[in-house]
Amino acid sequence: MKSDKNKFPDKNGFFGDYGGKFVPETLMYALEELESTYKNLKDNPEFKKQFYKDLSEFVGRPSPLYFAERLTNHYGTGSIWLKREDLNHTGAHKINNTIGQILLAKQMGKKRIIAETGAGQHGVATATVAARLGLECHIYMGSEDVQRQSLNVYRIKLLGAEVHAVDSGSATLKDALNEALRDWVTNVDDTYYIIGSVTGPHPYPMIVRDFNSVVGEELITQSQELFNSMPDAIVACVGGGSNAMGAFYPFIDIKETRLIGVEAGGEGVETGEHAAPLNDGMPGVLHGALSYLMQDDSGQVKATKSVSAGLDYPGVGPEHSWLKDSGRAEYVAVSDDEALKAFHEVSEFEGIIPALETAHAFAYLDTLMKEFDKNANVIVNVSGRGDKDINTVAEIDGIKF
Ligand SMILES: *Cc1c(COP(=O)(O)O)cnc(C)c1O
C-alpha cells in the first residue's frame, strides 16, 4: 500500500484525463465517506498490521514466484516466471482486495455487503470475507454468467451469500455492476459495496489498486532474490484491470520493466466481436468513471464477446487508460482460440490449469518471447486457477461427462 509515491489519482479522482466520479448525487456522500475512511486508515499501523496478517494467515501470502521450466524450454528465449495468485485461498487475486475492503466496511459499521461478479471469483472472494465476519452478503451476477460459471455460483451459496441473477442487457458483468450500483443507491446507509476491479467511481480504482499492489510489492523482492534484477516484462490479463494494476503499480517508476496488459480479443479485434476497449474503444463514461470504452457512434455501450467471463466487460479501469496514453504500459489482445490453445499448453507443460482469463496472458508469450534473448526474465501474473472453467472448455472441446 505504498500509494503516495505516485501522484495519481488527483484530488478529484482523475488519472490524467481519466477516472472521476460520475454518479447520482445520492452516492456522493457515500463515496466521500469511503474516501475519508480509507485515507485515515491506509497508513495506520494497526490497519496495515491487520491487512498483512489476514493476507498471510487466511490467504496464504506471499504467493510464490515460480520458475516455469518446461514453458521456458518450449520458447527457448528467456526465463518465464509465474506469480502464483492461483494459489491464494479461493483461487484468484480477487481475495487481496476483498480482505482489504471488508476491513473498511467493518470500520464504517456497515452490516450488509454487496458485490457484482463476472466469472464468480469476486463473488466467491466477497462471500468468503463476509462469512468470516458474519455479515449479510448479496452477489449480483449476469444470468449468462450464472450458467457458464455454475460451480462458483454454488460456492457462493455454500458460503452463505445470496446470488441475484441479472437478466437485463447482455446478462453479463456490466449488467451485474448496474444492478449492484442500483442496490447501493437504495440501501446506501447500511450497505458497503465491494467493487471487484479497478473500475467504478473514485475512490474505488485507487483502493482496489492499492490492496492488490501487494502482488507487485512481492514481485520486487522476489525478482531480486530469484534472478537478482528487475524483470524485463510483466504480462497480465486485463478485464477491469485489477490483477494487472496490482502487479504493475509498484513498477511504474522501474522503467526497465515493460508492463504488458492482454485484453480479450474474442473472435479477433478486427471483427469487432471482442472485449478489448484499450485496443478498440474510445473514451466514455461507464459505471461512474471516464475511461476507454467499447461504444458506438452515439455513445451506446457495445456488446462484448469473450470466452472468458471475467474479461467480458466493455470498459476498463481509468488508470490503465492513463498508462496506455502515457505509453508506460502496452496493451495487446489475443483471441478466444489463442487463449484456449494456451489453456491446454500451460496445463500440459506446467501441471497448472490456469483460469481462462489468465490463459490470455499466457497466449501472448507466443508473440512476446520472440522479442527476447536467453538472459531475459519475463513474469506472467497467474491471476487465478482454472477449475471454474473446466465445464466451458469441455463443452468447446465437445466432451460430455
Ligand atoms: C476477475 C478475474 C480477472 C479479471 O479481472 P481484473 O480486474 O482485470 O484482474 C482475471 N483473472 C481472474 C482469474 C479473475 O478471476
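Please read all numbers here as calculations on a predicted model, not as lab measurements.

## Describing the overall build of the chain
Turning to step 1, where the next piece is worked out: Counting secondary structure elements, the chain contains 16 helices and 15 strands.
Turning to step 2, where the next piece is worked out: For 401 residues, the compact-globule estimate of 2.2 N^0.38 gives 21 Å, and the chain sits close to it at 19 Å.
Turning to step 3, where the next piece is worked out: For the C-alpha atoms alone, the extent of the chain along its principal axes is close to 55 × 50 × 45 Å.
Turning to step 4, where the next piece is worked out: Here the contacts in the chain between residues at least 6 apart in sequence split such that 74% fall between residues at least 24 apart.

## Regarding the site of the ligand
Turning to step 1, where the next piece is worked out: Close contacts around the ligand come from 17 residues, with Lys94, Ser197, Gly239, Gly241 and Ser242 the closest.
Turning to step 2, where the next piece is worked out: One nitrogen or oxygen atom from the side chain of Ser197 is found 2.6 Å from an oxygen atom belonging to the ligand.
Turning to step 3, where the next piece is worked out: Contacts to the ligand include Asn243, whose side-chain N or O atom sits 2.8 Å from an oxygen atom.
Turning to step 4, where the next piece is worked out: Grouping the constituent residues of the shell around the ligand by class yields 4 nonpolar, 11 polar and 2 charged.

## A closer look at the nonpolar core
Turning to step 1, where the next piece is worked out: Grouped together as the largest cluster of nonpolar side chains are 86 residues, with contacts concentrated most on Leu104, Ile113, Trp184, Tyr192, Tyr193 and Phe248.
Turning to step 2, where the next piece is worked out: Apart from residues no more than four positions distant in its own chain, Leu104 is found in contact with Leu34, Tyr38, Leu41, Phe47, Tyr192, Ile207 and Phe211.
Turning to step 3, where the next piece is worked out: Counting residues in each nonpolar core, the second largest holds 30 residues, with Ile80, Val346, Ile352 and Val382 among its members.

## Things to note about the sheet that holds strand β7 (residues 162-166)
Turning to step 1, where the next piece is worked out: Across the sheet, 4 strands lie side by side as β7-β6-β5-β8; this open sheet has parallel pairing. A single partner strand is all that each edge strand has here, and the edge strands are β7 and β8 (191-193). Here the average twist between neighbouring strands, direction ignored, is 25°.
Turning to step 2, where the next piece is worked out: By the bridge criterion, 5 bridges tie strand β6 (residues 136-142) to β7 in an arrangement that is parallel. From the neighbouring strand, Ile139 faces β7, where its bridge partner is Val163.
Turning to step 3, where the next piece is worked out: Docked against the sheet, helix α4 (residues 94-107) engages β5 (112-117) and β8, running at close to 155° with respect to β8.

## Some words on the packing of helix α5 (residues 121-133) against helix α7 (residues 150-158)
Turning to step 1, where the next piece is worked out: Two elements in contact, α5 and α7, have axes separated by 9 Å at closest approach and are oriented at 10°. Accordingly, the angle class assigned to the pair α5 and α7 is roughly parallel. Facing α5, whose interface residues are Gln121, Gly123, Val124 and Ala127, α7 presents Asn152, Arg155 and Ile156.
Turning to step 2, where the next piece is worked out: Partitioning the contact of α5 with α7 into residue classes produces 3 nonpolar, 3 polar and 1 charged.

## Some details on the pattern of salt bridges
Turning to step 1, where the next piece is worked out: For the coordinates displayed, the defined rule picks out 26 salt bridges.
Turning to step 2, where the next piece is worked out: Lys42 is the partner of Asp43 in a salt bridge, and the nearest nitrogen-oxygen pair spans 3.5 Å.
Turning to step 3, where the next piece is worked out: Here the salt bridges do not stand alone but share partners, grouping Arg61, Lys83, Glu85 and Glu218 into one network.

## Section: the packing of aromatic side chains
Turning to step 1, where the next piece is worked out: Counted according to the given criterion, the structure contains 12 aromatic pairs.
Turning to step 2, where the next piece is worked out: An aromatic cluster of three or more residues is present, and its members are Tyr38, Phe47, Phe51, Tyr52 and Phe211.
Turning to step 3, where the next piece is worked out: In this arrangement the basic side chain of Arg209 is found over the ring face of Tyr249, its NZ or CZ atom lying 3.9 Å from the centre.

## Structural notes on unusual backbone geometry
Turning to step 1, where the next piece is worked out: Each neighbour pair has its own omega, and for Arg61 with Pro62 the value is 0°, a cis peptide bond.
Turning to step 2, where the next piece is worked out: Examined against the element boundaries, Pro62 turns out to sit in the loop between α2 (45-59) and β3 (65-67).
Turning to step 3, where the next piece is worked out: Between His202 and the following residue, Pro203, the backbone shows a cis peptide bond with an omega angle of 10°.
Turning to step 4, where the next piece is worked out: Along the polypeptide, Pro203 turns up in the loop between β8 and α9 (204-212).
Turning to step 5, where the next piece is worked out: Of note, the phi angle at Ala171 is positive, near 55°, even though the residue is not glycine.
Turning to step 6, where the next piece is worked out: Mapped onto the fold, Ala171 is located in the loop between β7 and α8 (173-187).
Turning to step 7, where the next piece is worked out: By relative accessible area, Ala171 is classed as buried at 9%.

## Considerations on the pairing of strand β4 (residues 78-84)
Turning to step 1, where the next piece is worked out: Of all the 7 residues making up β4, 7 are buried; the element is thus mostly covered by neighbouring parts of the structure.
Turning to step 2, where the next piece is worked out: As paired elements, β3 and β4 share 3 bridges and run antiparallel to each other. Paired with Leu65 across the bridge in β4 is Lys83.
Turning to step 3, where the next piece is worked out: Bridge count between β4 and strand β15 (residues 376-382): 7 bridges; the pairing is parallel. Across the sheet, residue Trp81 finds its bridge partner in β15, namely Ile379.

## Points about a nonpolar patch on the surface
Turning to step 1, where the next piece is worked out: Judged by side-chain polarity, Ile353, Ile390, Ile399 and Phe401 come together as a nonpolar surface patch covering roughly 420 Å² of accessible area.
Turning to step 2, where the next piece is worked out: Counting through the fold element by element, Ile390 comes out in helix α16 (residues 390-396).
Turning to step 3, where the next piece is worked out: With a relative accessible area of 33%, Ile390 lands in the partly exposed category.

## Here's the deal with the environment of Thr98
Turning to step 1, where the next piece is worked out: Residue position: Thr98 is located in helix α4.
Turning to step 2, where the next piece is worked out: Separated by 27 residues in the primary sequence, Thr98 and Ala125 have C-alpha atoms spaced 6.4 Å apart.
Turning to step 3, where the next piece is worked out: Not counting the four nearest positions on each side in its chain, Thr98 is found in contact with His122, Ala125, Thr126, Val129 and Ile194.
Turning to step 4, where the next piece is worked out: Looking at Thr98, its side chain comes within polar contact range of the main-chain oxygen of Ile95, at 3.2 Å.

Each value, and the rule that gives it
Residues numbered from 1 in each chain as written. Predicted model: local features only at pLDDT ≥ 70, side-chain atom pairs only at ≥ 80, totals over all residues. Heavy atoms only, no water. Helix = DSSP H or I, 4+ residues; strand = E, 2+ residues; numbered from the N terminus. Rg over C-alpha atoms; globule rule 2.2 N^0.38 Å. Contact = heavy atoms within 4.5 Å. Near = heavy atom within 4 Å. Polar contact = N/O pair within 3.5 Å; in protein donor to acceptor, adjacent residues only side chain to side chain. Nonpolar A, V, L, I, M, F, W, Y, C, P; charged D, E, K, R; others polar. Core = buried A, V, L, I, M, F, W, Y, C linked by side-chain atoms within 4.5 Å. Buried < 20%, exposed > 50% of the residue type's maximum accessible area, 1.4 Å probe, protein only. Pairing = 2+ DSSP bridges. Axes fitted to C-alpha atoms, helices over the stretch in contact; angles between N-to-C directions. Parallel < 35°, antiparallel > 145°, perpendicular 65-115°, else oblique. Salt bridge = Lys/Arg side-chain N within 4 Å of Asp/Glu carboxyl O. Phe/Tyr/Trp six-rings, centres within 6.5 Å; stacked < 30°, edge-to-face > 60°. Lys NZ or Arg CZ within 6 Å of the ring centre and 35° of its normal. Patch = residues over 30% accessible without salt bridge, like charges linked within 9 Å, V, L, I, M, F, W, Y side chains within 5 Å. Areas by Shrake-Rupley, 256 points an atom, 1.4 Å probe, with all protein chains shown as cover.

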